[in-house]
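Here is what each chain is made of, one letter per residue.
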Amino acid sequence: MKFFIDTANVNEIKEANALGIICGVTTNPSLIAKEGRDFVEVVKEITTIVDGPISAEVISEDSQGMINEARNLSKIHKNIVIKIPMTAEGLKAVKCLSKEGINTNVTLIFSATQALLAARAGASYVSPFVGRLDDISTDGIKLVEDIVKIYKNYNIRTEVIVASIRHPMHVLEAAKAGADIATVPYKVIMQMIKHPLTDIGIERFLKDWESVQNK
Ligand code: E4P
């Protein structure tokens, strides 16, 4: 499973990129709004940091509006992936954009049948939101398992990006389910690095080392 970072904060992206673990970035209108910066400016800056797929989301609700936004956004950089919401209008836009060779990430996926439709429309990626399903007492990871299985059944090449990740257990379960990618918030990446036994181990090694040096 590959890792993307789920943020529009360039400092977080730089930090995660320096760790050598991420190969893409996902943003959404809420994440961009949090930064209080111009959308295009932020996306452009991200393309200078990470050399991999960078999802930028459209805000139009009609297919023609989505297509127009997508064409403009895709001019920013070859790595831009257009994030399109899972609606009937979104599917029409995906169909048109995939014919034009523009990569799409169909977002706000909450059922396996939505994921199957998105793939058939020509989506490059789908983003099932596990955390938001868990929030309403529905098993988010079960959705990922179902999508992975269905895509395998029909040799579908659309990649599954597990999104709305809240904690390291979501990452573990996404990997066990066979997801292609997990898009992980910076905070969760940091939680994944840490283990109390690692810290205790380092402390003990250093103590033992120093005790010999002082003799
Ligand atoms: C995915 O691409 C979305 O940006 C994101 O994972 C949504 O997560 P949230 O449910 O924490 O807002």
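Reading the values: rules and limits
- Residues numbered from 1 in each chain as written.
- Predicted model: local features only at pLDDT ≥ 70, side-chain atom pairs only at ≥ 80, totals over all residues.
- Helix = DSSP H or I, 4+ residues; strand = E, 2+ residues; numbered from the N terminus.
- Buried ≥ 20, exposed ≤ 12 C-beta atoms within 10 Å, placed from the backbone.
- Contact = placed C-beta atoms within 7 Å.
- Near = placed C-beta within 6 Å.
- Nonpolar A, V, L, I, M, F, W, Y, C, P; charged D, E, K, R; others polar.
- Pairing = 2+ DSSP bridges.
- Axes fitted to C-alpha atoms, helices over the stretch in contact; angles between N-to-C directions.
- UniProt positions renumbered as here; feature names shortened; annotations may be inferred.
- Core = buried A, V, L, I, M, F, W, Y, C linked by C-beta atoms within 7 Å.
- Expected span 1.5 Å × (residues − 1).
- Arc of directions from axis to C-beta.
- Parallel < 35°, antiparallel > 145°, perpendicular 65-115°, else oblique.
- Left-handed = near helix turned anticlockwise from the far one by under 90°.

Caption draft 1: Representation of the overall build of the chain in the model. Looking only at helices and strands, the chain has eleven helices and eight strands in total. With respect to the three principal axes, the spread of C-alpha positions in the chain is 75 × 40 × 30 Å. Counting the 215 residues in the chain, one finds 40% classified as buried. Counting only contacts in the chain whose residues sit at least 6 apart along the sequence, the fraction spanning at least 24 positions is 55%.

Caption draft 2: Structural context of the site of the ligand. All residues adjacent to the ligand are Asp6, Thr26, Asn28, Leu31, Thr107, Ser127, Phe129, Gly131, Arg132, Ala163, Ser164 and Thr183. Its residues assigned to classes, the shell around the ligand comprises three nonpolar, seven polar and two charged.

Caption draft 3: Fine view of the sheet that holds strand E5 (residues 104–109). Reading around the circumference, E1-E2-E3-E4-E5-E6-E7-E8 is the order of the eight strands in this closed barrel, with parallel pairing throughout. Strand after strand, the sheet turns through a mean of 25° between neighbouring axes, direction not considered. As defined by bridge partners, strand E1 (residues 2–6) adjoins strand E8 (residues 181–184) across four bridges and the pair is classed as parallel. Across the sheet, the residue bridging to Phe4 is Thr183, located in E8. Against the sheet, helix H8 (residues 140–153) touches strand E6 (125–128) and strand E7 (159–162), its axis set at about 175° to E7.

Caption draft 4: Expanded view of the UniProt feature "active site" (unreviewed entry) in the chain. Within this numbering scheme, the UniProt entry marks Lys83 as carrying the feature "active site" (unreviewed entry). Sequence-distant contacts of Lys83, defined by excluding residues within four places in its chain, comprise Asn28, Ser55, Ala56, Glu57, Val58, Asn105 and Thr107.

Caption draft 5: How the structure looks around the environment of Ala112. Summarising the element assignment, Ala112 is placed in helix H6 (residues 112–121). Under the C-beta neighbour-count criterion, Ala112 is labelled buried, with 20 such atoms within 10 Å. In contact with Ala112, not counting residues within four places along its chain, are Leu143, Asp146, Ile147 and Ile150.

Caption draft 6: Molecular detail of the nonpolar core. Grouped together as the largest cluster of nonpolar side chains are 57 residues, with contacts concentrated most on Ile82, Ala118, Val126, Val144 and Val162. A per-element tally of this core places H8 first, with six residues. If we ignore the near neighbours within four places in the chain, the residues touching Val144 are Pro128, Val130, Val160, Val162, Ala174, Ala177 and Ala179.

Caption draft 7: Structural view of helix H5 (residues 88–99). Between the first and last C-alpha of H5 there are 17 Å, a value that for twelve residues agrees with the 16 Å anticipated at 1.5 Å per step. All of the buried residues along H5 are Gly90, Leu91, Ala93, Val94 and Leu97. Mapping the buried residues of H5 onto a view down its axis gives an arc of 160°, with all of them on the same face. Residues of H5 that are exposed and point more than 90 degrees away from the buried face comprise Ala88 and Lys99. Where H5 is buried, its residues contact helix H4 (63–74), strand E4 (80–85), E5 and H6. Of the residues one or two after H5, Gly101 is the one with positive phi, at around 80°.

Caption draft 8: Quick look at the packing of H8 against helix H9 (residues 168–177). Where H8 meets H9, the closest approach of the two axes is 9 Å, and the angle between their N-to-C directions is 20°. Here H9 runs roughly parallel to H8, going by the angle between their axes. For H8 against H9, the interelement crossing comes out right-handed. Each of Ile141, Val144, Glu145 and Val148 in H8 lies in contact with H9, whose residues at this interface are Glu173, Ala174 and Ala177. The class makeup of the residues in the contact of H8 with H9 is five nonpolar, no polar and two charged.

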